[in-house]
Amino acid sequence: MMNAAAFGKEYNDLMSAFQARLTDPALGELFRRDGDVFFRRCALVLWKEDGPLTQDHADLYNAMGRTVAVPPETLQSLADQMGPLREPPFWTRMKGTPDVAQAFLALLSQTLDLLVRAADSKSQAVQPYLDSLGGKAPIPTESPAPAGADSPRPQAEPEPEPTLEALLAELDDLCGLETVKADVRSLINLVKVRRLREEAGLPVPPMSLHLVFQGNPGTGKTTVARLLARLYKAMGVLSQGQLVEVDRSGLVAGYVGQTALKTQEVIQKALGGVLFLDEAYALAPQDNPNDFGREAIETLLKAMEDHRRDFIVIVAGYTGEMDRFIHSNPGLESRFNKYLTFADYDGQQLMEIFRSLCRKNGYTLTEEAGTRAAEGFLTLYENRDENFGNAREVRNLFETAIARQADRVAEMENPTREDLMTLTVEDLEVEGWS
């Protein structure tokens, strides 16, 4: 078998060279997210044909890109669940660009050959699989374009990455959340100063960037998490800056041993970015100490340690429930020591969100409707209970209002542009406002 370090270098060089050819930012992000996962699955399909997987196979597997270290027994369990080689998840998108499709087929051929050589595999599945994809690929011909034909359009340049200042301005533009904004800026300042101390040769104490977001639904937790991932990318803390959002159902499987594998797949997609775990407390139910969620927690904790320089986890949920969750496991307590509290939006802030939705969607409020809405949101806030949805409530009321407006305008014979845009008091007479 090939040495794992040499294999890993050859594999990663192939991936990097292909990644550099992807000028479409969306396609580049798709390949960064799913490429290694796809090729690791290919490896298992090919290698399992030769018999039981060994530590040598595990060493090769763990050298492929950024991965959570997997022992041979777990690798064998994962391989047993693999069917035949399948079409890559990004292939449909790549087929729309012939040059990219041709380059990927070349990469695929080289990588599958490398997987076979590295493990001394006797698999015969590679060529039939390549033939099946090659038959679908729109391979460009080398014949010259006919006279008078338009020159091919150059591919669009990828959009520049947003600067730290632009992202902080985006943070400031969010409605409310003043305490959260201050906490995020404090985190950014802490990271900046740590960098300066490192450059000055000063000692830098260990610091966890994993976070607990606590608060009611609709208070902007996901929005801030996505923005924080981009901020950390801009500062060089994270290599990719993507946000992978998941809840219990995305991590926990129904059978023993499968939860760790399911959780590892999610972690692979989040490496280089932020894993946002909503309603995290559902992983540690009080009434079932043997719940499979505990396995997901242990897998996450290991990944947080193994990839602490390029992987951040944010857990979110109701305040009381999150306190219980963090204290349910000593490993969680040691890694999550920063809390951001998302307060409910007050009546004035709810109205501001409503006006923002109107502006973004091309609607205006009459003066009377604006007064009515402001009163309605104040009442909604004062009468809120534990199920209050904050910004989600605003969006639901906005959608109900525009549906009522549509019913009203549809009865007009020749509605004007102003009619199509205006929301009146009649449109705002919906349940929940009084």
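Residues numbered from 1 in each chain as written. Predicted model: local features only at pLDDT ≥ 70, side-chain atom pairs only at ≥ 80, totals over all residues. Heavy atoms only, no water.

**What about the pairing of strand β5 (residues 339–342)?**
- Residues L340 and F342 of β5 are buried on one face, while the alternating residues Y339 and T341, pointing to the opposite face, are not.
- As judged from the four bridges shared by strand β1 (residues 211–215) and β5, these two strands associate in the parallel manner. From the neighbouring strand, F213 faces β5, where its bridge partner is L340. (Buried < 20%, exposed > 50% of the residue type's maximum accessible area, 1.4 Å probe, protein only. Helix = DSSP H or I, 4+ residues; strand = E, 2+ residues; numbered from the N terminus. Pairing = 2+ DSSP bridges.)

**Description of the packing of helix α3 (residues 55–62) against helix α4 (residues 72–80)**
- Relative orientation of the contacting elements α3 and α4 amounts to 80 degrees, with a least axis distance of 9 Å. Comparing their axes, α4 and α3 come out roughly perpendicular. Touching Q55, H57, A58 and Y61 of α3 are P72, L75 and L78, all from α4.
- When the residues that make up the contact of α3 with α4 are grouped by side-chain class, the tally is five nonpolar, two polar and no charged. (Axes fitted to C-alpha atoms, helices over the stretch in contact; angles between N-to-C directions. Parallel < 35°, antiparallel > 145°, perpendicular 65-115°, else oblique. Contact = heavy atoms within 4.5 Å. Nonpolar A, V, L, I, M, F, W, Y, C, P; charged D, E, K, R; others polar.)

**Considering the environment of R384**
- Tracing the backbone shows R384 in the loop between α17 (367–382) and α18 (391–410).
- For R384, a relative accessible area of 35% translates into the label partly exposed.
- Polar contacts involving the side chain of R384 include one to the main-chain carbonyl oxygen of Y381, which spans 3.0 Å. (Polar contact = N/O pair within 3.5 Å; in protein donor to acceptor, adjacent residues only side chain to side chain.)

**Points about the packing of helix α2 (residues 25–47) against α3**
- Here α2 crosses α3 at 160 degrees, and the two axes come no closer than 10 Å. By the criterion of interaxial angle, the relationship of α2 to α3 is roughly antiparallel. Judged by the twist between their axes, the crossing of α2 over α3 is right-handed. On α3, the residues touching R40, L44 and W47 of α2 are H57, L60 and Y61. (Left-handed = near helix turned anticlockwise from the far one by under 90°.)

**What about the environment of L174?**
- Structurally, L174 can be placed in the loop between α8 (164–172) and α9 (178–199).
- Separated by 227 residues in the primary sequence, L174 and A401 place their C-alpha atoms 23 Å from one another.

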